[in-house]
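# Per-entry structural report
Okay, here's what each chain looks like letter by letter:
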Amino acid sequence: MATAVANGGAKDPATTRVMSVYSEVQTSRLNHTLPLPSVLRAPYAMTDGPPSSAAGNPDEIAKLFPHLFGQPSAKLVPASDSSAAPSGPLKIGVVLSGGQAPGGHNVIAGIFDYLQQKAKGSTVYGFKGGPAGIMKCKYVELTPEFVYPFRNQGGFDMICSGRDKIETPQQFKEAEETAVKLDLDGLVVIGGDDSNTNACLLAEYCRSKNMKTRVIGCPKTIDGDLKCKEVPASFGFDTACKIFSEMIGNVMVDARSTGKYYHFVRLMGRAASHITLECALQTHPNIAIIGEEVATKKQTLKNVTDYITDIICKRAELGYNYGVILIPEGLIDFIPEVQTLISELNEILAHDVVDEAGVWKQKLQPECQKLFDFLPQAIQEQLLLERDPHGNVQVAKIETEKMLISMVETELEKRKAEGKYAGHFKGQSHFFGYEGRCGMPTNFDASYCYALGYAAGALLHCGRTGLISSVGNLCAPVEEWTVGGTALTSLMDVERRHGKFKPVIKKAMVELDGAPFKKFASMRDEWAIKNRYISPGPIQFMGPGANDVNHTLLLELGAVQA
Ligand code: FBP
């Protein structure tokens, strides 16, 4: 069996997949045949759309991306023969960037298979450990045997991921050196909004230097917040939501069985509440808090606590002293008063030593100081933890569910003393996050990722750069999916940071006038009082439900009515 060639020594055997210990399901998924959109199965041509603009501030984006701004999107269309198709082998690098999302291995398999089939003699390098692998030129050369054990399997362990950013002039130089050393024709960056912003900057850099290396992005994140009209979904969201929904369904049955617990389930999703909303639509919890609604209504922590407590009191009157409450991971960041506190803390953390003496605390505005002192100590400590490389608070580490349990407890005690509540309350906290990020991809994510990878290969083969691989018409059968690439600059806006404009792909948040939220809002009062729990059960790869499209996509694409 041919082995992959890795620089920096042999592949660590401890981190290599051992197929002989695969479960029957894992093994069966290895040979699961992936359907391809029909346009990718036959000779195709690539057509250009009209010139593009930007999501906001086009003049600033034009200045930041002088070589890329305005370029059209590309679309694959059937061609009568393959004479228009590009030929010749390519050298392509691929990198996984940011948090894991089910299906990442299939994107790589899609790129690999495209090149094997349509650009024979090509080479694919997998950069190890995320963008740092590009800068340090740490890579593995992919072979059919190396890729095989990862087909349709969860995780990012084929080449691993990382959260480093290619940011400084020195880091761009290092990336350039790697591209030149490996003679790269192209690079595929599989990542979220920050990583795709980075991919666009890299594409601009390569153009400005007249390098032959082209850069294509791929929309990855379980959070579901990298999407637009041309890119209807980020991969991994479907699988993660189905895994979380199975667990929520189980917890619901547990709650109903004992009748004694309120389960507070915090769900990953960092900035946006898409995961919480999708899981609510799949399982019908008694309460689901949607961060975007909290922010729009400018609710305080007290408002959120009261909303939960009111429902608990009503349920107690009906004889239900149990329930299930979903909370988005980023809730704390949506509450305006907490946002102000976080931005003041960010400033302080950037310049001061935060020690036990607490001198730094005097720099907080009085209102923020009051709020900080009011928060439980564990939450105070979590708010002071180191920021991630993109400057974000690490919301995965803030135990909002525990904070809410303790605040609801206090409020219920008060109401009990006032004779307004006669029930009993016991909170159980859960955080579902890492459990859903590396599951075996659903049929949807497996096929979607494979098509995204295949499309990325085609875009590079046709010499495109600065585009994000885009597969559309996702509620139709796979054969009818559309395939192309969208100008990354068209997704960009600017943010003013440290007196300079910085390009950012705007996160797609839950829209309160969007179909998924409207559907949820029309049903939540009933779910609060009557127990309408749904247990979706584990992900199916065959039989009932195996090809179900998630609610968010069905509602957003108008395939079902809100
Ligand atoms: P990406 O945006 O990089 O896809 O990551 C998503 C995510 O899973 C968030 O939901 C979560 O807040 C974060 O990653 C956790 O980060 P880490 O893996 O560094 O703990």
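No experiment lies behind these values; they were computed from the predicted model shown. (Residues numbered from 1 in each chain as written. Predicted model: local features only at pLDDT ≥ 70, side-chain atom pairs only at ≥ 80, totals over all residues. Heavy atoms only, no water.)

### Some details on the site of the ligand
Put simply, the test is: Whether a residue is near a molecule or strand is decided by its heavy atoms; if any one of them lies within 4 Å of it, the residue is near. Within 3.5 Å is the distance limit for a polar contact, defined as a pair of N or O atoms, with the added protein rule that one can donate a hydrogen and the other accept it, and that residues adjacent in sequence qualify only through two side-chain atoms. Every accessible area reported is derived by Shrake-Rupley at a probe size of 1.4 Å, with residue values counting cover from the shown protein chains alone. The classification used treats Ala, Val, Leu, Ile, Met, Phe, Trp, Tyr, Cys and Pro as nonpolar, Asp, Glu, Lys and Arg as charged, and all other residues, Gly among them, as polar.
Near the ligand lie 13 residues; those nearest to it are Gly 99, Arg 163, Asp 223, Glu 329 and Tyr 434. Within the side chain of Arg 163, one N or O atom sits 2.9 Å away from an oxygen atom of the ligand. Lys 220 places a side-chain nitrogen or oxygen 3.0 Å from an oxygen atom of the ligand. In the complex, the protein chains occlude 86% of the 480 Å² of accessible area that the ligand would expose alone. The residue inventory of the shell around the ligand, partitioned by class, reads three nonpolar, four polar and six charged.

### Concerning the packing of aromatic side chains
To be explicit about the condition: A pair of aromatic rings is counted whenever rings of Phe, Tyr or Trp (Trp by its six-membered ring) have centres within 6.5 Å, and the orientation is called stacked for planes under 30 degrees apart, edge-to-face for over 60 and tilted otherwise. By the criteria applied, helices consist of DSSP H or I runs no shorter than four residues and strands consist of E runs no shorter than two, each listed in order from the N terminus. Exposure categories follow from relative accessible area, calculated using a 1.4 Å probe and restricted to protein chains: below 20% of the type maximum is buried, above 50% is exposed, and the middle band is partly exposed.
One pass over the full model with this rule turns up 15 aromatic pairs. Centroid distance Phe 264 to Phe 425: 6.1 Å. Interplanar angle 85°. Geometry classified as edge-to-face. With Phe 264 in strand S10 (residues 262-267) and Phe 425 in the loop between helix H17 (400-417) and strand S13 (427-432), this residue pair connects regions lying 161 residues apart in the sequence. Overall, the relative accessible area of 15% leaves Phe 425 in the buried class. With 6.2 Å between their ring centres and 85° between their planes, Tyr 448 and Trp 481 make a pair best called edge-to-face. In this pair, Tyr 448 sits in helix H19 (residues 443-461) while Trp 481 sits in the loop between strand S14 (467-472) and strand S15 (482-487), placing the two residues 33 residues apart along the sequence. For Tyr 448, a relative accessible area of 0% corresponds to the buried category.

### Topic: the state of the cysteines
What counts is decided by this rule: Cysteine sulfur atoms that pair up within 2.5 Å are treated as a disulfide.
Inspection of every chain in the model, using the stated rule, returns zero disulfides. In this structure Cys 241 is not part of a disulfide, and its nearest cysteine sulfur, from Cys 279, lies 4.5 Å away.

### As for the pairing of S10
Basically, it comes down to this: When DSSP finds two or more bridges between two strands, those strands count as paired.
Across the six residues that make up S10, a large majority, six, are buried. The alternating pattern of S10 places Tyr 262, Phe 264 and Arg 266 and His 263, Val 265 and Leu 267 on opposite faces, both of which are buried. Across six bridges, the pairing between S10 and strand S12 (residues 323-328) is parallel. Each bridged residue has a counterpart across the sheet, and for Leu 267 the counterpart in S12 is Pro 328. Here six bridges tie S10 to S13, and the two strands are oriented parallel to one another. Residue pairing for S13: Leu 267 is matched across the bridge by Phe 432.

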